[in-house]
Amino acid sequence: MNDYHYIPEITSDTKVYTFRVTIMPNSNGHWQAWIASLPGCRVWGYTKEEALYSMTRAAEECVHALVKNNLHVPSDESGVPTDMESIITVSVPFSSFVS
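Residues numbered from 1 in each chain as written. Predicted model: local features only at pLDDT ≥ 70, side-chain atom pairs only at ≥ 80, totals over all residues. Heavy atoms only, no water.

(A) Region of interest: the sheet that holds strand β2 (residues 31-34). Pairing is antiparallel in the open sheet, where four strands are placed in the order β3-β2-β1-β4. Two strands lie at the open edges of the sheet, namely β3 (42-45) and β4 (85-93), each paired on one side alone. The sheet shows a mean angle of 30° between the axes of neighbouring strands, taken without regard to direction. Of the pairings in the sheet, the one linking strand β1 (residues 14-25) to β2 comprises four bridges and is antiparallel in character. Bridged to Pro25 within β2 is Trp31. (Pairing = 2+ DSSP bridges. Helix = DSSP H or I, 4+ residues; strand = E, 2+ residues; numbered from the N terminus. Axes fitted to C-alpha atoms, helices over the stretch in contact; angles between N-to-C directions.)

So this is what it looks like as structure tokens:
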């Protein structure tokens, strides 16, 4: 199994959120991915790589929307991912937190 990791550029003006992504094939051969700690953040792709890429972009949109609306952003950093999981990170500039 391929391990997918993204090392974000961390600066003093950025907050980084880490999420556990569950990714698995569905019955029609496509791949589905979701983040349990971000309800509704779910995507699919023709390949595992495409689903993971789409999941990262969707997670960025979810986090930015939560931050923009001053809502709590959960972070899921616990444990080592299983064979059906990957870890992604989303970086948000601190300037986004200013209302």
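What follows picks up the thread again.
(B) Molecular detail of the environment of Leu52. Its place among the elements puts Leu52 in helix α1 (residues 48-68). Separated by 30 residues in sequence, Leu52 and Thr22 place their C-alpha atoms 9.3 Å apart.

(C) Inspection of the packing of aromatic side chains at higher detail. All told, the structure shown has one aromatic pair when counted by the stated rule. Ring centres 5.0 Å apart and planes at 80° place the aromatic pair Trp44 and Tyr46 in the edge-to-face group. You can call Trp44 partly exposed: its relative accessible area is 44%. Just above the ring of Trp34 sits the side chain of Arg42; from NZ or CZ to the centre is 4.4 Å. In this arrangement the basic side chain of Arg57 is found over the ring face of Tyr53, its NZ or CZ atom lying 4.8 Å from the centre. (Phe/Tyr/Trp six-rings, centres within 6.5 Å; stacked < 30°, edge-to-face > 60°. Buried < 20%, exposed > 50% of the residue type's maximum accessible area, 1.4 Å probe, protein only. Lys NZ or Arg CZ within 6 Å of the ring centre and 35° of its normal.)

(D) The arrangement of α1 in detail. When the terminal C-alpha atoms of α1 are compared, their 30 Å separation across 21 residues agrees well with the 30 Å that a helix rising 1.5 Å per residue should span. Within the span of α1, buried status applies to Lys48, Ala51, Leu52, Met55, Thr56, Ala58, Ala59, Val63, Leu66 and Val67. Looking at the buried residues of α1, the elements they touch are β1, β2, β3 and β4. Positive backbone phi, approximately 55°, marks Asn70, located one or two places after α1. (Expected span 1.5 Å × (residues − 1). Contact = heavy atoms within 4.5 Å.)

(E) Up close: the nonpolar core. Grouped together as the largest cluster of nonpolar side chains are 21 residues, with contacts concentrated most on Phe19, Ile35, Leu38, Met55 and Val63. Per-element accounting of this core gives the leading share, eight residues, to α1. Contacts of Val63, omitting those with residues within four sequence positions, involve Tyr17, Phe19, Leu38, Val73, Val90 and Val92. (Core = buried A, V, L, I, M, F, W, Y, C linked by side-chain atoms within 4.5 Å.)

(F) Summary view of the pattern of salt bridges. In this structure the tally under the stated criterion is two salt bridges. Among the ionic pairs, Glu85 bridges to Arg20, the shortest N-O distance being 2.8 Å. Pair noted here: Glu85 is in strand β4 and Arg20 is in strand β1, with a separation of 65 residues, a long-range link. Pair check on accessibility: Glu85 and Arg20 agree, each one buried. Across the pair Glu60 and Arg57 runs a salt bridge whose closest N-O atoms are separated by 2.8 Å. Of the two residues, Glu60 and Arg57 both sit in helix α1, three residues apart, roughly one turn of that helix. Judged by its relative accessible area of 31%, Arg57 falls in the partly exposed class. (Salt bridge = Lys/Arg side-chain N within 4 Å of Asp/Glu carboxyl O.)

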